[in-house]
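# Analysis of the macromolecular model
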2 protein chains.
Amino acid sequence: MNVSETLFKPIKAKRTFEEVSTEIKSLIFKSVLKPSDKLPSEIALARQFNVGRQTVREALRILELSGFITIRKGARGGPIISDTISNTISNSFLDAIQMKSINIGELTLARLEIEKVVLNHAINNADSSDIKDLQENVLKAKRKTENRFQAFSENIEFHKLLAEASKNHVFVIVIQSIMAVVADFLSRLEPNLEKSKRVVKAHEDILNAIISKRGDEAITLLEKHLLQVEVELQVSYDKLTRNDSVESGKS
Amino acid sequence: MNVSETLFKPIKAKRTFEEVSTEIKSLIFKSVLKPSDKLPSEIALARQFNVGRQTVREALRILELSGFITIRKGARGGPIISDTISNTISNSFLDAIQMKSINIGELTLARLEIEKVVLNHAINNADSSDIKDLQENVLKAKRKTENRFQAFSENIEFHKLLAEASKNHVFVIVIQSIMAVVADFLSRLEPNLEKSKRVVKAHEDILNAIISKRGDEAITLLEKHLLQVEVELQVSYDKLTRNDSVESGKS
DNA sequence: TCACATTTGTCCGTATGTATC
DNA sequence: AGATACATACGGACAAATGTG
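Residues numbered from 1 in each chain as written. Chains lettered and ligands numbered in written order. Predicted model: local features only at pLDDT ≥ 70, side-chain atom pairs only at ≥ 80, totals over all residues. Heavy atoms only, no water.

### What about the relation of the copies chain B and chain A?
Inclusion rule: The copies were overlaid with a least-squares fit restricted to C-alpha atoms from residues scoring a pLDDT of at least 70 in each copy. Note on contacts: a residue pair is in contact if any heavy atoms of the two residues lie within 4.5 Å.
Overlaying chain B on chain A yields an RMSD of 0.2 Å, the required transformation being a rotation through 180° with an accompanying axial translation of 0.0 Å. Both chain copies can therefore be described as sitting about a two-fold axis. Comparing contact sets, 94% of the residues at the interface of chain B also lie at the interface in chain A, consistent with an isologous, same-surface contact.

Dropping the structure here:
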């Protein structure tokens, strides 16, 4: 009868390591524990929570995978509160993408549509600080390519900075997740300086359009840019998957 | 060896439990292990990998949190390959949302923009099977509200079905993640049958517009629907956060 | 209903590798 | 270079849960 009560009550018996991890997690949410704070060692935590070390370890494993803490080994090491959690979502995203075996066209389509929306908001909401970040990003990427290095991470970062200029955290998280997938695709390809240069140029053009408030042009440029990337990605990827007998040797 | 690959993957695959978890994960990716397959017990895995049981447990913990396996206790229990991984992303999303303390307006704005895009693709790509799923969803929700029950999960599901009709897995994953956040917000509010009925009605109208190929109308209806939900959400939420000394009592 | 076997959950002791001082 | 502190990892043990006969 009382369906509504049981509906939201997980009858799941909580395991001790889950209680420990959620306890620590909630301390982080409440900002009692802040980024770069150091947690007690495993042994100390085990004593304080009155549980075994293995239990603590599994709790720490969860927090680590969820991106709340990083763990350093050695003296003065131990669990440390992380400042970012987003790369964890990206990892989950990557897993899901791999499970669904998503192809480049599908990825590009979704990316294009969502980034257009985000760019639109970025154009309207970007302040001088955002513009400065974007300019520095492009400049750094430019210098790198001029020195005959690829600007891989900078070119990924550009899109994250655009998302941040939209002033909407949800957009930021979504774009970060998608860019992780894009980066994963890109990382499998062989380096190509010319392509990297073209990307930097495209970013520069988009940024200039944003600065001079030519919103429609910025979106058109973004569209062209992403479709161009897709073509290059597709070509390289086909070449790669042709000899795709990638087997990890047994040991 | 292959330095170029390790350049962007300085992931320390050093720890033993990580090697174990990635090994099992890759078996899942290669479909050697399929959903509902049963993995050996911890002790058996420890023997086969020639590692300790603690190491196996930490590897299983990772796989469990990543959504690849579920674990049952007791005889004939053990780790089982899951068929879905998406709820994991949603959990990470929820964590990130909580960290950034995202508000309802921000969430609705992003949701609206992204869902409009997705709906657009759903209108163009939905086949008869998608329409049938959506119709059944609305029908089920309707019956539930007529029997004076809320159609909570059905109303969430409606938006996921819309995303699936877009025929783009990336959209599906993104929408699922966002809806997890929405569901989280909603679950904190007190049940309200009238609101649930209004939502079902809105879904029905949107679905009818899709069926009769009135794309623009469908989008307009969606827009109205989401904004209406936002208003209700905001009102209820303000009421809720007024007496917000929410403390989880120890038991 | 009642044992029984299986498997996870948890704790403890110990040993080793590693980073810091 | 040596001592210290910490994570990592192994093995043994028992409790709790759960399905089977």
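Anyway, onward from the coordinates.
### A closer look at the pattern of salt bridges
Side chains that differ in sign of charge can pair as their charged atoms come close. Using the following cut-off: Salt bridges are defined by distance alone: a side-chain nitrogen of Lys or Arg within 4 Å of a carboxyl oxygen of Asp or Glu.
Within this structure, the stated rule accounts for 37 salt bridges over all chains. Because the salt bridges share partners, they merge into one network encompassing Arg15, Glu18 and Glu58 of chain A together with Glu42, Arg53, Arg57, Arg61 and Glu64 of chain B.

### Section: the protein's contact with DNA strand C
Our working definition: Throughout, the term near means that a residue has one or more heavy atoms lying within 4 Å of the molecule or strand in question. Counting of polar contacts relies on pairs of N or O atoms within 3.5 Å, with two restrictions inside protein: one atom must be capable of donating a hydrogen and the other of accepting it, and residues adjacent in sequence are counted only when both atoms are side-chain atoms. Runs of E in the DSSP output that reach at least two residues are strands. Runs of H or I that reach at least four are helices, and both are numbered from the N terminus.
Taken together, 25 residues lie near DNA strand C, and Arg15, Thr16, Gly52, Arg53 and Thr55 of chain A sit nearest. The protein-proximal atoms of DNA strand C, defined as those within 4 Å of the protein, are 64% sugar or phosphate. In this structure, a phosphate oxygen belonging to DNA strand C sits 2.6 Å away from a main-chain N or O atom of Gly52 of chain A. In this structure, a base nitrogen belonging to DNA strand C sits 2.7 Å away from a side-chain N or O atom of Arg53 of chain B. Secondary structure elements with two or more residues in the surface near DNA strand C: α2 (16-29) and α4 (53-65) of chain A together with α4 (53-65), β1 (69-72) and β2 (78-81) of chain B.

### Topic: the packing of helix α9 (residues 169-187) of chain A against helix α6 (residues 104-125) of chain B
Axes are the key here: two packed helices are described by the angle between their axes and the distance separating the axes. Using the following cut-off: The convention used is that axes are lines fitted to C-alpha atoms, helices contributing only their stretch in contact, and that angles between N-to-C directions extend from 0 to 180 degrees. Orientation is classified from the angle alone, with under 35 degrees giving roughly parallel, over 145 giving roughly antiparallel, 65 to 115 giving roughly perpendicular, and any other angle giving oblique. Charged means Asp, Glu, Lys or Arg here, nonpolar means Ala, Val, Leu, Ile, Met, Phe, Trp, Tyr, Cys or Pro, and polar covers whatever is left, Gly included.
Between α9 of chain A and α6 of chain B, the shortest axis-to-axis distance is 8 Å and the interhelical angle comes to 50°. On the basis of their axis angle, the class for α9 of chain A and α6 of chain B is oblique. Touching His169, Val170, Phe171 and Val174 of chain A of α9 of chain A are Glu106, Leu107, Ala110, Glu113 and Ile114 of chain B, all from α6 of chain B. Class assignment for the residues of the contact of α9 of chain A with α6 of chain B results in 6 nonpolar, 1 polar and 2 charged.

### Brief notes about the environment of Ile80 of chain A
Residues and elements named next belong to chain A. The criterion, for reference: Using a 1.4 Å probe on the protein chains alone, a residue whose accessible area is under 20% of its type maximum counts as buried, one over 50% counts as exposed, and one in between counts as partly exposed.
By the element assignment, Ile80 lies in strand β2 (residues 78-81). Accessibility expressed as a relative area gives 14% for Ile80, which makes it buried. With 12 residues separating them along the chain, Ile80 and Phe68 place their C-alpha atoms 8.4 Å apart. Beyond its immediate sequence surroundings of up to four residues, Ile80 is in contact with Ser36, Asp37, Phe68, Ile69, Thr70 and Arg72.

### Concerning the protein's contact with DNA strand D
With respect to spatial proximity, 24 residues lie near DNA strand D, and among them Arg15, Thr16, Gly52, Thr55 and Ala75 of chain B are the closest. Near-protein atoms of DNA strand D (within 4 Å) split between backbone and bases, with sugar and phosphate holding 74%. In the model, a sugar or linking oxygen of DNA strand D is placed 3.2 Å from a nitrogen or oxygen of the Lys73 of chain B side chain. Mapped onto the surface near DNA strand D, the elements with two or more residues apiece are α4, β1 (69-72) and β2 of chain A together with α2 (16-29) and α4 of chain B.

### Focus on the interface of chain B and chain A
Often, the extent of an interface is quoted as the loss of accessible area on bringing the components together. How we decide: Buried area: the sum, over both parts, of the accessible surface (1.4 Å probe) that disappears when the two are put together.
Facing the 50 residues of chain B at the interface are 52 residues of chain A. Buried area between chain B and chain A, summed over both chains or domains, comes out near 4900 Å², and the portion from carbon and sulfur atoms is 69%. Broken down residue by residue, the surface that chain B buries against chain A is led by Arg61, Met99 and Val170 of chain B, which jointly contribute 11%. For Arg61 of chain B, the salt bridge is made with Glu58 of chain A, and the minimal N-O distance between the two is 2.6 Å. Seen at the junction of chain B and chain A, the total is 13 residue pairs in polar contact (both at pLDDT 80 or more). Of all the secondary-structure elements, those providing two or more residues to the side of chain B that touches chain A are α2, α4, α5 (86-99), α6 and α9 (169-187) of chain B. Here the side of chain B that touches chain A takes 9 residues from α5 of chain B, the largest share from any one element.

### Some points on the domain arrangement of chain A
How we decide: Residue ranges for the domains trace back to a domain assignment, done automatically or taken from a database.
The domain boundaries assigned to chain A delineate domain 1 (17-83) and domain 2 (86-250). Between the C-alpha centres of domain 1 of chain A and domain 2 of chain A the distance comes to 34 Å.

### Topic: the pairing of β2 of chain A
Every regular strand shows the same layout, with side chains that alternate between the two sheet faces. Residues and elements named next belong to chain A. What counts, and what does not: Here, strands pair whenever DSSP counts at least two bridges between them.
Pairing analysis gives 4 bridges linking β1 to β2, with the strands arranged antiparallel. If you follow Thr70 over to β2, its bridge partner there is Ile80. Following β1, the chain reverses through 5 residues before pairing antiparallel with β2; Gly74 in that reversal takes a positive phi of roughly 80°.

### Some remarks on the packing of aromatic side chains
All names here are of chain A. Rules: Pairing of aromatic rings covers Phe, Tyr and Trp, the last counted by its six-membered ring, and requires centre-to-centre distances within 6.5 Å; plane angles under 30 degrees mean stacked, over 60 mean edge-to-face, and any other angle means tilted. Throughout this description, the term charge over a ring refers to an Arg CZ or Lys NZ atom that lies within 6 Å of the ring centre and within 35 degrees of the ring normal.
Within this structure, the stated rule accounts for 2 aromatic pairs over all chains. With a centroid separation of 5.8 Å and an interplanar angle of 85°, the aromatic rings of Phe29 and Phe68 are classed as edge-to-face. A residue pair is termed long-range when its members are at least 10 positions apart, and Phe29 in helix α2 and Phe68 in the loop between α4 and β1 qualify at 39 residues. Positioned above the aromatic ring of Phe185 is the side chain of Arg188, whose terminal nitrogen or guanidinium carbon lies 5.5 Å from the ring centre.

### Description of α2 of chain A
Residues and elements named next belong to chain A. What counts here: Multiplying one less than the number of residues by 1.5 Å gives the expected span of a helix. In this description, the arc belongs to the directions extending from the helix axis to the C-beta atoms.
In this model α2 runs 20 Å from its N-terminal to its C-terminal C-alpha over 14 residues, within 8% of the 20 Å that 1.5 Å per residue would give. Among all positions in α2, only Phe17, Glu18, Val20, Ser21, Ile24, Lys25 and Ile28 are buried. Seen from one end, α2 has its buried residues packed into an arc of 160°, which puts them on one side. One or two residues past the end of α2 sits Ser31, with phi positive at roughly 65°.

### Considerations on the nonpolar core
Note the threshold: Nine residue types can take part in a nonpolar core, namely buried Ala, Val, Leu, Ile, Met, Phe, Trp, Tyr and Cys, and a core is a set of them joined through side-chain atoms within 4.5 Å.
In this structure, Phe93 of chain A together with Phe93 of chain B are the most contacted members of the largest nonpolar core, which totals 95 residues. Beyond its immediate stretch of four places on either side in the chain, Phe93 of chain B contacts Ile89, Phe93, Ile173, Val174 and Ser177 of chain A together with Ser177 and Val181 of chain B.

### Focus on a negative patch on the surface
Using the following cut-off: Patches here: salt-bridge-free residues with over 30% relative accessible area, like charges joined within 9 Å, nonpolar side chains (Val, Leu, Ile, Met, Phe, Trp, Tyr) joined within 5 Å. Each accessible area value is a Shrake-Rupley result obtained with a 1.4 Å probe; residue values ignore everything except the protein chains displayed when judging cover. Counted as positive: Lys and Arg. Counted as negative: Asp and Glu. His and the chain ends are not counted at all. Lysine's charge is taken at NZ, arginine's at CZ, aspartate's at CG and glutamate's at CD.
On the surface, Asp133, Glu136, Glu157 and Glu164 of chain A cluster together into a patch of negative charge. Positionally, Asp133 of chain A belongs in helix α7 (residues 128-146).

### Observations concerning the environment of Gln54 of chain B
Position of Gln54 of chain B relative to the elements: it lies in helix α4. Accessibility expressed as a relative area gives 31% for Gln54 of chain B, which makes it partly exposed. Leaving out residues up to four positions away in the same chain, Gln54 of chain B has contacts with Gln54 and Arg57 of chain A.

### Quick look at α4 of chain B
All names here are of chain B. Taking 1.5 Å of rise per residue, 13 residues should cover 18 Å, and α4 covers 18 Å from first to last C-alpha, within 8% of that figure. Counted residue by residue, α4 has 10 buried out of 13 residues, so it is predominantly covered. Within α4 the residues assigned to the buried category are Thr55, Val56, Arg57, Glu58, Ala59, Leu60, Arg61, Ile62, Leu63 and Glu64. Remark: Gly67 follows α4 within two positions and exhibits a positive phi of approximately 90°.

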